[in-house]
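Here's the letter readout for the chains.
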Amino acid sequence: MSNPLQAHLQASLAAMPPAPLCVAFSGGPDSTALLHALTQLPEARRRGLRALHVDHGLHPDSAAWAEHCRHFCAALGLPCEMLCVQVERGAGNGLEAAARHARHAALAAQLRDGEYLLLGHHRDDQVETVLLKLLRGAGPEGLGGMRTLRPFGRGQLWRPLLALSRQQLRDYVEAQRLDVIDDPSNADTSLARNRLRHEILPRLAPCWPQAADSILHSAALCRAAAEALRLQWLTAFDALHDPASGSLETAGWLALMPALREPLLDHWLHLRGLPAPTSAQRRQIERQCGARPGRLPCIRWAGAELHLWKGRLWALPPERAVDAGWQATWHGEPLALPEGGELSLTVEGTRLAEPLLVRLRRGGERIRPDGDAHTRELRDLFQQAQLPPWRRNACPLLYAGDELVAVADRWINARGAAIFRQAGASLHWHAGR
């Protein structure tokens with residue numbers, strides 16, 4: 001095969017299992033070259049080749065770009081599904097990161113069982129990624145760059161073009177006379193990757209002509225080191241992690257060497273759908289691990305917060321701002337709570353004979369649990385039950401008139417028990433954090 005891109009893809013497909021293929025298609029030069037070249041390979045079409053386009057809605061022309069992608073795929077005889085996402089602004093981790101998170105979540109949700117999602121990342125992207133990771137203080141895992149293949153959604157994420165240069169893909173686009181989208185944000189040098197691409201790397205090349213090769217060689221060595229370390233910290237993770245609570249043993253984690261401690265922490269956070277901390281925040285976590293008993297340290301960063309409690313690390317999404325005066329009348333239907341949880345009955349469709357008032361703690365509440373001889377303060381009940389502190393103020397309280405009849409599904413008094421017996425269902429609280 002005379003075309004280098006098609007020849008490379010044909011060889012790559014031959015080395016992969018016969019999985020179905022899906023291309024993340026932005027309409028830019030790289031994904032356009034990838035998708036078009038694949039359509040010229042009968043083997044790719046036999047695997048049910050299709051495309052997904054994510055519309056972030058961040059640019060005035062985004063709808064026109066989506067239409068371009070639809071027409072491009074139609075001309076090739078390929079199905080192309082449009083995915084519209086809402087990018088969360090103001091989360092503190094930057095617009096680029098927020099858009100990437102929204103895009104990946106949408107793509108992962110649409111991936112079918114065993115399907116490979118192909119991305120158009122190339123050799124130059126890998127060089128930029130490794131340099132950005134270096135500037136951010138990454139360890140071997142980050143400095144290893146983008147993986148060629150990794151689990152993603154219900155299938156795999158595959159980057160088959162990491163051995164090819166940006167120029168090779170541009171040459172293919174030009175030779176095939178393909179119409180591509182020119183996203184103006186790619187020229188915005190206020191963005192870190194663009195600044196590196198347009199201003200820094202061009203200055204390195206005249207002085208260090210082999211810079212890209214050297215960077216990629218170092219990345220390969222770091223990837224090998226990261227894989228060797230991974231075998232060790234995964235074993236440690238199994239020993240330190242409690243699947244039931246999702247927490248991590250503090251002392252055991254702190255006793256690990258930094259080369260194991262840092263990737264283990266990142267792995268744990270990513271399993272919980274949370275971003276990793278910065279180097280400064282990692283040091284703060286380590287310092288707080290030695291806090292005096294009785295203290296409840298909490299380290300926060302964009303998109304996450306980490307609590308130290310009962311000798312364990314607990315990672316959570318950020319706490320929502322809640323109106324202290326919130327309350328709702330409840331008849332037994334699923335009720336969304338302000339902290340993100342839900343209150344419901346165990347039998348769907350059941351209604352209470354009398355509505356209850358649901359509100360949050362305001363201080364000083366007391367209840368006499370059914371079968372208990374004494375009335376108890378909620379503060380004491382929470383401590384005795386070892387309910388995590390961050391769940392206590394989010395715990396829904398249920399009132400019949402002025403009487404507190406239930407504290408979520410944890411404590412119910414005699415009147416509350418009678419109400420739920422009459423309904424023929426039990427109370428269930430699903431905590432949001």
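Residues numbered from 1 in each chain as written. Predicted model: local features only at pLDDT ≥ 70, side-chain atom pairs only at ≥ 80, totals over all residues. Heavy atoms only, no water.

Now for the side chain of Glu115. Here Glu115 lies in the loop between helix H5 (95-110) and strand E4 (116-118). A distance of 2.8 Å separates a polar atom in the side chain of Glu115 from a polar atom in the side chain of Arg50. (Helix = DSSP H or I, 4+ residues; strand = E, 2+ residues; numbered from the N terminus. Polar contact = N/O pair within 3.5 Å; in protein donor to acceptor, adjacent residues only side chain to side chain.)

Turning our attention to the UniProt feature "domain: Lysidine-tRNA(Ile) synthetase C-terminal" (unreviewed entry) in the protein. Under the feature "domain: Lysidine-tRNA(Ile) synthetase C-terminal" (unreviewed entry), the UniProt entry names residues 356-429. In the segment residues 356-429, helix accounts for 30% and strand for 30%; the C-alpha atoms at its two ends are 15 Å apart. (UniProt positions renumbered as here; feature names shortened; annotations may be inferred.)

Before going further, it helps to examine unusual backbone geometry. Most peptide bonds adopt trans geometry, and most residues besides glycine take a negative phi value. In this model, Arg177 sits at a positive phi of 55 degrees, which is unusual for a non-glycine residue. Position of Arg177 among the secondary structure elements: in the loop between helix H8 (166-176) and helix H9 (192-207). Despite not being glycine, Gln386 has its phi angle at roughly 55 degrees, a positive value.

With that out of the way, let us pick up the sheet that holds strand E19 (residues 403-407). Strand order in the open sheet formed by five strands is E12-E15-E18-E19-E20, with antiparallel pairing between adjacent strands. For this open sheet the edge positions go to strand E12 (327-330) and strand E20 (411-412), each flanked by a neighbour on one side alone. Two strands pair when backbone bridges link them, and E19 and E20 are joined in this way by two bridges, in the antiparallel orientation. Counterpart to Ala406 in the pairing with E20 is Ile412. (Pairing = 2+ DSSP bridges.)

Right, let's get into the sheet that holds strand E9 (residues 298-301). Spatially, E7-E8-E11-E10-E9 is the arrangement adopted by the five strands of the open sheet, whose pairing is antiparallel. The open sheet has two edge strands with one neighbour each: strand E7 (241-242) and E9. Where strand E10 (residues 304-309) lies against strand E11 (residues 312-316), five bridges are found, and the strand directions are antiparallel. Counterpart to Leu308 in the pairing with E11 is Leu313. Contacts between helix H13 (residues 279-288) and the sheet are confined to E9 and E10, with E9 contributing the most and set at about 170 degrees to the helix. (Contact = heavy atoms within 4.5 Å. Axes fitted to C-alpha atoms, helices over the stretch in contact; angles between N-to-C directions.)

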